[in-house]
Amino acid sequence: MHTVVNDIARRFTQVRQPGTGRTPEQVSQVHEAIDLDRPLDDVAAALEELHDVYLNDAVWFHDPKYLAHLNCPVVIPAVAAEAFNAAINTSVDTWDQSAGATHIEQRVIDWTCGRIGYDSRSDGVFTSGGTQSNLQALFLAREEAQRRWGMARIGDFRIFTSELSHFSLVKAARILGLGADAVVAVSSDERQRMDPTALKECLVEATDEGKIPMAVIATAGTTDFGSIDPLYEVAELAEAYAGHFHVDAAYGCGLLVSPQRRHSIGGIERADSVTVDFHKSFFQPVSSSALLVKEGRQLGHVTYYADYLNPESSAEPNLVDKSLQTTRRFDALKLWLTLRTMGADAIGRLFDDVCDLADEVWTRVEAHPTLETVTPASELSTLVFRVPGDDETQRRVRRELAADGSGAVAATTYQGKQVLKLTLLNPLTRVDDVMGVLDRLVTNVYQGPR
Ligand SMILES: Cc1ncc(COP(=O)(O)O)c(C=O)c1O
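Residues numbered from 1 in each chain as written. Predicted model: local features only at pLDDT ≥ 70, side-chain atom pairs only at ≥ 80, totals over all residues. Heavy atoms only, no water.

Enquirer: Hey, could you run me through the packing of helix α12 (residues 344–367) against helix α14 (residues 431–447) in this one?
Expert: The geometry of a pair of packed helices is captured by two quantities: the angle between their axes and the separation between those axes. Look at α12 against α14: their axes get within 10 Å of each other, and the N-to-C directions meet at 45 degrees. Accordingly, the angle class assigned to the pair α12 and α14 is oblique. The two elements α12 and α14 meet at a crossing, and its hand is right-handed. Across the interface between the two elements, Leu-357, Glu-360, Val-361, Arg-364 and Val-365 of α12 pack against Val-431, Asp-432, Val-434, Met-435 and Leu-438 of α14. Counted by class, the contact of α12 with α14 contains seven nonpolar, no polar and three charged residues. (Axes fitted to C-alpha atoms, helices over the stretch in contact; angles between N-to-C directions. Helix = DSSP H or I, 4+ residues; strand = E, 2+ residues; numbered from the N terminus. Parallel < 35°, antiparallel > 145°, perpendicular 65-115°, else oblique. Left-handed = near helix turned anticlockwise from the far one by under 90°. Contact = heavy atoms within 4.5 Å. Nonpolar A, V, L, I, M, F, W, Y, C, P; charged D, E, K, R; others polar.)

Enquirer: Explain the sheet that holds strand β4 (residues 183–186) here, please?
Expert: Strand pairing in a sheet takes place through backbone hydrogen bonds and is either antiparallel or parallel in direction. The strand order across the open sheet formed by seven strands is β2-β8-β7-β6-β5-β3-β4, and the pairing between neighbours is mixed. The open sheet is flanked by β2 (123–127) and β4, the only strands paired with a single partner. Taking each pair of neighbouring strands and ignoring which way they run, the sheet shows an average axis angle of 20 degrees. Pairing of strand β7 (residues 273–277) with strand β8 (residues 289–293) involves five bridges; the strand directions are antiparallel. Bridge pairing in β8 links Ser-273 to Val-293. In this fold helix α7 (residues 168–175) packs onto β3 (157–162), β4 and β5 (212–219), with an angle of close to 160 degrees to the strand it touches most, β4. (Pairing = 2+ DSSP bridges.)

Enquirer: For this particular structure, what's the right way to read the site of the ligand?
Expert: The immediate surroundings of the ligand are formed by 14 residues, with Gly-130, Thr-131, Thr-223, Asp-248 and Asp-277 found nearest. At 2.7 Å, a side-chain N or O of Asp-248 approaches a nitrogen atom of the ligand. Between Asp-277 and the ligand, the recorded distance is 2.8 Å, taken from a side-chain N or O atom to an oxygen atom. In isolation the ligand offers 390 Å² of accessible surface; the protein chains occlude 84% of this area. (Near = heavy atom within 4 Å. Polar contact = N/O pair within 3.5 Å; in protein donor to acceptor, adjacent residues only side chain to side chain. Areas by Shrake-Rupley, 256 points an atom, 1.4 Å probe, with all protein chains shown as cover.)

Enquirer: What exactly am I supposed to notice about the pattern of salt bridges here?
Expert: Inspection of the entire model under this criterion finds 28 salt bridges. Here Glu-144 and Arg-297 are joined by a salt bridge, their closest N and O atoms 3.5 Å apart. With a gap of 153 residues between them, Glu-144 in helix α6 (residues 130–149) and Arg-297 in the loop between β8 and α11 (332–341) connect regions that are remote in the sequence. Residue Arg-297 is classed as exposed on the basis of its relative accessible area of 54%. A salt bridge links Arg-395 to Glu-392; the shortest N-O distance between them is 3.2 Å. With Arg-395 and Glu-392 both in helix α13 (residues 391–404), this residue pair falls three residues apart, about one helical turn. A relative accessible area of 36% places Glu-392 in the partly exposed class. (Salt bridge = Lys/Arg side-chain N within 4 Å of Asp/Glu carboxyl O. Buried < 20%, exposed > 50% of the residue type's maximum accessible area, 1.4 Å probe, protein only.)

So this is what it looks like as structure tokens:
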């Protein structure tokens, strides 16, 4: 353990860029040569080998020039908690396997419910990520709808969400046996927020056609644009037309602790369920996510009593009763130790810092002689832009930046056009770091294909 801690600490001071830019073919050569049936002589040799198979080509999210996906650098108390987790190997499925850990998770869940604005009827559970939280939320919504309308109507169940919401919702609908057209994509406005007028039209049309609005889902922080759907207006429509209102705050959940921006997610307390990804905007290591529900009793839809594990007669608090998983990581310890050392405001300030940075970068890109902003400034910490040239030029300059490993940006499409994207989640990144990467992209435009 000491060797690893020293090694990783040294690495972190030595890293100068987010990656090496080597290709899958180049990286995989070393793996293919290794015979997993023939162990090395000692741990030191295995750790040495790890440099070749993993560390040398790792992608470093703490490097200030990593500007690509929704990955955050992590706070140290949470890393320390991971050491306890790995060594003690607690599983928070039943109390008899976890004891204090169960109560820690429950307190962190209750704390999060309080931050949302839920009352004492609320509850929740840690999950592996936003994808699982969204799946469980839709499962609860489907179960409630089935109770009311009967299983025979499942083909008529509809879910309404913005065209910019996360793909995990469509996946969840498929897993839950809903039809291919069960998810209705509602159009968004010029600020990439779900358009409430369009939502109302979709709800009315579906209802008129005899369909059943099973759920309305708002996104608090779209993956590509960091936009936040108008939660009060969506809540109003959800309450009038649909069985369930879910808010996917996988990205925007950091605002729950933001000293400056908490108001941006006002209305979240009206949701029947909320997805939060602490591993996005609370600077926690993967995995750390939760689903919170306004009516705790709804979590009972996933309860299954197994005689060997959590018999119905058990008087102990068994978190497995609320979870899709059985054996489950004690991820709550990371946030617990973070809250007990840094405190919630400090986390919120870090998230505010990256949102401020995104604002500043947007202003610089807007004023830039060659770069072009594509959408208004984000409410969170993303920014989409274009370099001069056609769609292929956007793809090429990104590829070439990735190939030398000196910076990392992401890409997506907007209104059918290829765009480049920055997701800023490193509070230590400075505006000059970002502009340096953007300058390299511009240089790549004018140098032409390599
Ligand atoms: C808005 C949103 N919801 C859900 C997810 C899925 O979260 P996870 O990757 O933790 O499964 C993401 C991931 O980027 C997201 O941006």
